[in-house]
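A structural walkthrough
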Amino acid sequence: INAWQKAKPRLQQLLQLLKMRSRIRSLRKTKFPLGKLSNKTPLNFMSRDIILQLKDLCLTRGAVPLFSGVDLTLVSRERMALVGPNGVGKSTLLQVISGDLEYDKGERVVANGATIVVQEQEADFGNATDLVEWVMGGIGGQDVELEGARRARALASLDNFGLAADKNLKTLSGGEARRAALARAFAAEADLMLLDEPTNHLDIAAIEDLEIKLKAYKGAILVISHDRKFLENISTSCLWLRNGKAKKLTSSFKKFDEWAQGIEAQEQKAFEKLDLQLQDENRWLARGVTARRTRNQGRLRRLYEMREQRVQVLAAMRGAAANVTASTGEISSKLVLEAKNINKSFDKRGVLVENLDLRILRGDRIGIVGPNGIGKSTLIKMLVGEIAPDSGNIRRAKNQTLAYLDQIRVKLDPKATLWELFAPLGGDQIMVQGVPRHVVAYGKEFLFTPAQLRQPLGSFSGGERNRVSLALALAKSCNLMVLDEPTNDLDMDTLDVLEDVLAKFEGTIILVSHDRAFLDNVVTSTLAPLGNGKWIETPGGWSELESQGLHLVSPKPNKTTATKTAPKKEIISKPQVRLSYKENYRLEEITKAMPKLAARIETLSATLNDPNLYLENPAKFENPAKFDQLSQELNQSKSELEKIEHEWLELEEKKAILEQ
């Protein structure tokens, strides 16, 4: 008996190690089961715990519900795409989920202890001047974590997104501001991350890098984005916010179009059924039935209700797509522009364009891609004549008329109504490609209701304001259209329509975009940077460029001014070559904790194995509860040791693989 009692703890430890090894092997081969929400069960990322639930949520703006009956469940490691037209309430729903906005009716349940972080569509730096301090402000647990640890997390996150700690917040570019906002969100390590248009202003290499980071994120993610390729690559489910209702697809965005078409087909059948009923009721009314009779009043009311319902359904169905057109103006000559041996450089940015030869003919659709800061906007401004090249020659067609939509949208008066913007001189007419159009009719083509025409621009969402800029740009008659980041903040319905408009446009198009699907659907050739100011034109869109194995490059670092440009480093998604700061810190923490837990287990086991603890006569046992207490502590210590040994093995294996 004494020999068994001495050997029992060692055998139990060996058995636990064998079980742990078996569990690790099974975890690598199987998916984690969906767990249940419990106040007693803490969040554990090794299972699929429910983090957030919305039940029958309703929010009203004015007299009309913005959305109602919204049901939503988010679990850890789920990456949900929130899609829907501009102005439908996507960003507002994020505010409700984050707790920043009160809802009118329903229930919002967040798992006990769960944290939420938001990356807003426009980063709010407030009065902050220090980038590191601003990122640290998004990290919770200030009373628990040491200042140094929080600063280290902030610095590691900024480095992950390629931002220097000494960057001035006031001088950040659009892409740098977006990366700073993402660094702040990732540094928080929240259980639920809400992202509002995270790919805006990011170049394609940065978007691909973001995709890798999101796929590795352990918490839940709810993301709003117009970038279809991005959503296809990262999403595991979709929530479609439409006509004030929310419908969930439990698959990637790759299956969204087929699923949405099925829903629209069902709605069409329901509409046709309603239309037939309405025809029957109209025939009844046409037979001259007297509406004053009491027995006919109810049926007449139903008829009017059905008519109103038909109008609403038809408006919702037609509102799914904008009817946008663009005139080609006077047909230009075959040659639109020709650039020969043009060069452009700046003291602090080095050579952006070197010895570029480019010939653009009528009907060409040229897509320009590349990382932020590589010189895309500079190249466009040279081509259209806004700035001159340092050397070389650009020849342009004489009868060229230009419509230019800059990525820095025209600053429109937020107090002005949409009607005033369309007809600044008064009246109810807007000149569209030289033809007078009624303001209401033109607004409807861009999905603006008559009521919205009287609303100030400041009340519009980012996507709606972008639609206004697009409407003003397309009103001008042209044969050369230049679009710099036209897809920013546009909803997918308007994106589809914009693609149709550009496909029907008989003139020439030059566009800059980081939307890979948009490039594939619109352009006939792609202009991409090779580095050191060199550019190459390839036929087709982004997919064709990618298939040729050409990688985009970044401009050289702005550390010193040099007369000769150093070779530019490729911004491609780098494989991880070492453990991250957080993983290294955790590994050191576990390594110190394991011996302490093992010693504690050994002490507790020795106490429980002490014969003096057990007496032959239970009546003489001084503390009957002591056995239960020690046994409970022993089980808890073993469970904790098993958990951190599991984590330690995973980190050590990962470290060994990376160091090979």
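Everything numeric in this text was worked out from a predicted model, so none of it was measured.

This next bit is on the overall build of the chain. The secondary structure content of the chain amounts to 19 helices and 20 strands. Across the 660 residues of the chain, 43% fall into the buried class. A fraction of 67% describes how many contacts in the chain between residues 6 or more apart in sequence connect residues 24 or more apart. Summing over all exposed atoms, the chain offers an accessible surface of approximately 35,100 Å²; the carbon and sulfur share of this is 51%.

It is a general feature of regular strands that their side chains alternate between the two faces of the sheet. Taken across its six residues, strand β8 (residues 237-242) has six buried, putting it largely inside the fold. Pairing geometry for strand β3 (residues 79-83) and β8, over four bridges, is parallel. Residue pairing for β8: Met 80 is matched across the bridge by Ser 237. As paired elements, β8 and strand β9 (residues 245-249) share five bridges and run antiparallel to each other. The residue of β9 that forms the bridge with Leu 241 is Ala 246. Once β8 ends, the chain turns through two residues before running back antiparallel as β9, passing Asn 243 with a positive phi of about 55 degrees.

By way of backbone hydrogen bonds, the strands of a sheet pair with one another, either parallel or antiparallel. If you trace the six strands from one edge of the open sheet to the other, you get β14-β17-β18-β12-β19-β20, paired in mixed fashion. The open sheet has two edge strands with one neighbour each: β14 (402-405) and β20 (534-539). Put simply, the sheet's adjacent strands are angled 15 degrees from each other on average, direction ignored. In terms of strand pairing, strand β12 (residues 365-368) meets strand β19 (residues 525-531) through three bridges, oriented parallel. Bridging across to β19, Ile 366 finds its partner in Ser 525.

End to end, helix α5 (residues 174-188) covers 22 Å across 15 residues, agreeing with the expected 21 Å (1.5 Å per residue, within 8%). In terms of burial, α5 is largely enclosed, as 13 of its 15 residues are buried. Glu 189 occupies a position one or two residues after α5 and carries a positive phi of about 50 degrees.

This paragraph deals with unusual backbone geometry. Even without a glycine there, the phi angle at Asp 56 is positive, about 50 degrees. Looking at the secondary structure, you find Asp 56 in strand β1 (residues 50-61). Of the residues examined, Asp 56 reaches a relative accessible area of 39% and is grouped as partly exposed.

In space, the six strands of this open sheet follow the order β5-β6-β7-β3-β8-β9, with mixed pairing throughout. Two strands bound the open sheet, and with one partner strand each, they are β5 (116-119) and β9. Looking at each pair of strands side by side, their axes are set apart by 15 degrees on average, direction ignored. The pairing of strand β6 (residues 192-196) with strand β7 (residues 220-224) spans five bridges and is parallel.

This part takes up the side chain of Ser 225. Looking at the secondary structure, you find Ser 225 in the loop between β7 and α7 (228-234). At 3.1 Å, the side chain of Ser 225 forms a polar contact with the backbone nitrogen of Asp 227.

Opposite charge on two side chains makes pairing possible when the charged atoms of those side chains draw close. Throughout the structure, instances matching the rule amount to twelve salt bridges. The residue Arg 153 makes a salt bridge to Glu 189 at a minimum N-O spacing of 3.7 Å. Placement of the pair is Arg 153 in helix α4 (residues 147-160) and Glu 189 in the loop between α5 and β6, with a sequence separation of 36 residues. Judged by relative accessible area, which is 15%, Arg 153 ranks as buried.

Attention now goes to the environment of Ile 536. Structurally, the position occupied by Ile 536 is in strand β20. Between the C-alpha atom of Ile 536 and that of Leu 356, which follows or precedes it by 180 residues, the distance is 8.8 Å.

The next thing to look at is the nonpolar core. Met 193 and Leu 214 are the most contacted members of the largest nonpolar core, which has 47 residues in total. With nine residues, the top contributor of residues to this core is α5. Excluding residues within four positions of it along the chain, Met 193 makes contact with Val 117, Ala 185, Phe 186, Leu 214, Tyr 217, Ala 220, Ile 221 and Leu 222. Counting residues in hydrophobic clusters, the runner-up holds 43 residues, among them Val 440, Phe 446, Leu 470 and Phe 518.

Time to look at the packing of aromatic side chains. In the structure shown here, the tally under the stated rule is nine aromatic pairs. Here Phe 448 and Phe 460 contribute two aromatic rings whose centre-to-centre distance is 5.8 Å and whose plane-to-plane angle is 20 degrees, an arrangement assigned as stacked. With a gap of twelve residues between them, Phe 448 in the loop between α12 (439-445) and α13 (450-453) and Phe 460 in the loop between α13 and α14 (462-474) connect regions that are remote in the sequence. Each of the two residues, Phe 448 as well as Phe 460, counts as buried.

Between α4 and α5, the shortest axis-to-axis distance is 9 Å and the interhelical angle comes to 135 degrees. Classified by the interaxial angle, the pair formed by α4 and α5 is oblique. Considering how the two elements wind past one another, α4 and α5 form a crossing that is right-handed. Contact residues: α4 offers Arg 153, Ser 157 and Leu 158, while α5 offers Ala 183, Phe 186, Ala 187 and Ala 188.

This next bit is on the side chain of Asn 343. Relative to the helices and strands, Asn 343 is located in strand β10 (residues 335-346). What makes Asn 343 buried here is its relative accessible area of 15%. From its side chain, Asn 343 meets the backbone oxygen of Asn 341 in a polar contact 3.1 Å long. Within the structure, Asn 343 has its side chain in polar contact with the side chain of Ser 391 (distance 2.9 Å). Those residues in contact with Asn 343 that lie beyond four places of it in its chain are Val 353, Glu 354, Asn 355, Pro 389, Asp 390 and Ser 391.

In this section: the confidence of the model for the chain. Of all residues in the chain, 72% have pLDDT values of 70 or greater, and the mean over the chain is 76. Contacts of residues 27-47 to residues separated by more than four positions or lying in other chains number 35 contacts, the stretch itself having pLDDT below 50. pLDDT under 50 marks residues 554-575. Its contacts with residues more than four places away, or in other chains, come to 42 contacts.

What counts and how
Residues numbered from 1 in each chain as written. Predicted model: local features only at pLDDT ≥ 70, side-chain atom pairs only at ≥ 80, totals over all residues. Heavy atoms only, no water. Helix = DSSP H or I, 4+ residues; strand = E, 2+ residues; numbered from the N terminus. Buried < 20%, exposed > 50% of the residue type's maximum accessible area, 1.4 Å probe, protein only. Contact = heavy atoms within 4.5 Å. Areas by Shrake-Rupley, 256 points an atom, 1.4 Å probe, with all protein chains shown as cover. Pairing = 2+ DSSP bridges. Axes fitted to C-alpha atoms, helices over the stretch in contact; angles between N-to-C directions. Expected span 1.5 Å × (residues − 1). Polar contact = N/O pair within 3.5 Å; in protein donor to acceptor, adjacent residues only side chain to side chain. Salt bridge = Lys/Arg side-chain N within 4 Å of Asp/Glu carboxyl O. Core = buried A, V, L, I, M, F, W, Y, C linked by side-chain atoms within 4.5 Å. Phe/Tyr/Trp six-rings, centres within 6.5 Å; stacked < 30°, edge-to-face > 60°. Parallel < 35°, antiparallel > 145°, perpendicular 65-115°, else oblique. Left-handed = near helix turned anticlockwise from the far one by under 90°. pLDDT = per-residue confidence, 0-100.

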